[in-house]
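Topology and contacts: notes
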Amino acid sequence: MQKILIVVVLSLCFAVAKRVWWAVEDEMFPVDETAWAEEADAWVAEDLAGGTVADARHWLQQEGNAIWGGDSQDVQALVDDVYASGAPNVWFTGLEEYEGKTLTASIAIELPASGIAREQIFQREAVFWGSDPTPDVGQKYLAIYLD
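Residues numbered from 1 in each chain as written. Predicted model: local features only at pLDDT ≥ 70, side-chain atom pairs only at ≥ 80, totals over all residues. Heavy atoms only, no water.

As a further point, take the nonpolar core. Among the nonpolar cores identified, the biggest contains 22 residues, and V90, F92, I107 and I109 are the most heavily contacted of them. Listing elements by their share of this core, those giving two or more residues are α3 (72–85), β3 (89–93), β6 (106–110), α4 (116–129) and β7 (141–145). When residues of this core are assigned to their parent elements, the largest contribution, five residues, is made by α3. Those residues in contact with V90 that lie beyond four places of it in its chain are A54, D55, A56, V79, V82, Y83, I107, A108 and I109. Formed by six residues, the second largest nonpolar core is a distinct cluster that contains V44, W91, A108 and Y141. (Core = buried A, V, L, I, M, F, W, Y, C linked by side-chain atoms within 4.5 Å. Buried < 20%, exposed > 50% of the residue type's maximum accessible area, 1.4 Å probe, protein only. Helix = DSSP H or I, 4+ residues; strand = E, 2+ residues; numbered from the N terminus. Contact = heavy atoms within 4.5 Å.)

Moving on, we come to the confidence of the model for the protein chain. Of the residues in the protein chain, 80% have a pLDDT of 70 or more, and the chain-wide mean is 85. The least confident element of the protein chain is helix α1 (residues 2–28), whose mean pLDDT is 50; the most confident is β3, at 97. (pLDDT = per-residue confidence, 0-100.)

Further remarks concern the packing of α3 against α4. Orientation of α3 relative to α4, taken along the N-to-C sense of each, is 165 degrees, at an axis distance of 9 Å. Put simply, α3 runs roughly antiparallel to α4. In this structure, α3 crosses over α4, and the sense of that crossing is right-handed. Contact residues: D74, V75, L78, D81, V82 and S85 in α3; A117, Q120, I121, R124, E125 and F128 in α4. When grouped by side-chain class, the residues that make up the contact of α3 with α4 number six nonpolar, two polar and four charged. (Axes fitted to C-alpha atoms, helices over the stretch in contact; angles between N-to-C directions. Parallel < 35°, antiparallel > 145°, perpendicular 65-115°, else oblique. Left-handed = near helix turned anticlockwise from the far one by under 90°. Nonpolar A, V, L, I, M, F, W, Y, C, P; charged D, E, K, R; others polar.)

This brings us to α3. Compared with an ideal rise of 1.5 Å per residue, which puts 14 residues at 20 Å, α3 spans 20 Å between its outermost C-alpha atoms and is within 8% of the ideal. Here α3 has its buried residues at V75, Q76, L78, V79, V82, Y83 and S85. On its buried face, α3 is in contact with β1 (53–55), β2 (65–67), β3, β6, α4 and β7. Sitting at the head of α3, D71 places a side-chain oxygen 3.1 Å from the backbone nitrogen of Q73. After α3 finishes, the residue G86 shows a positive phi value of roughly 120 degrees. (Expected span 1.5 Å × (residues − 1). Polar contact = N/O pair within 3.5 Å; in protein donor to acceptor, adjacent residues only side chain to side chain.)

Listed below in structure tokens is the structure:
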């Protein structure tokens, strides 16, 4: 009984310490959202130029295409939602061949220049992850990495 109590107490201590570390880490190592967005825009532009992309609208329904690190139905719902919200283009990026399948673990959403459509796309992404939306810092693309 005493061993179980010790394990429970240690588990609780670890959980609290982990939460405290996450809070401290966010303050100690803040993310430069603008730099991150610029880097993501560059990655998407590189994929677009390199041809390792596919229009996301019907790609998952095609035989041999699959998501690496995500539920296909949830991802397709996100694609449909952002198109419905006004995204001009949505691509699966970084396509790779593996054991006779074409796999991807990333999505690039071309964002409208401004307006409600842009806001709605960020909100759709937040719902998909169950978190706060990615900050809108004027980026051209919203990159979503599933792995």
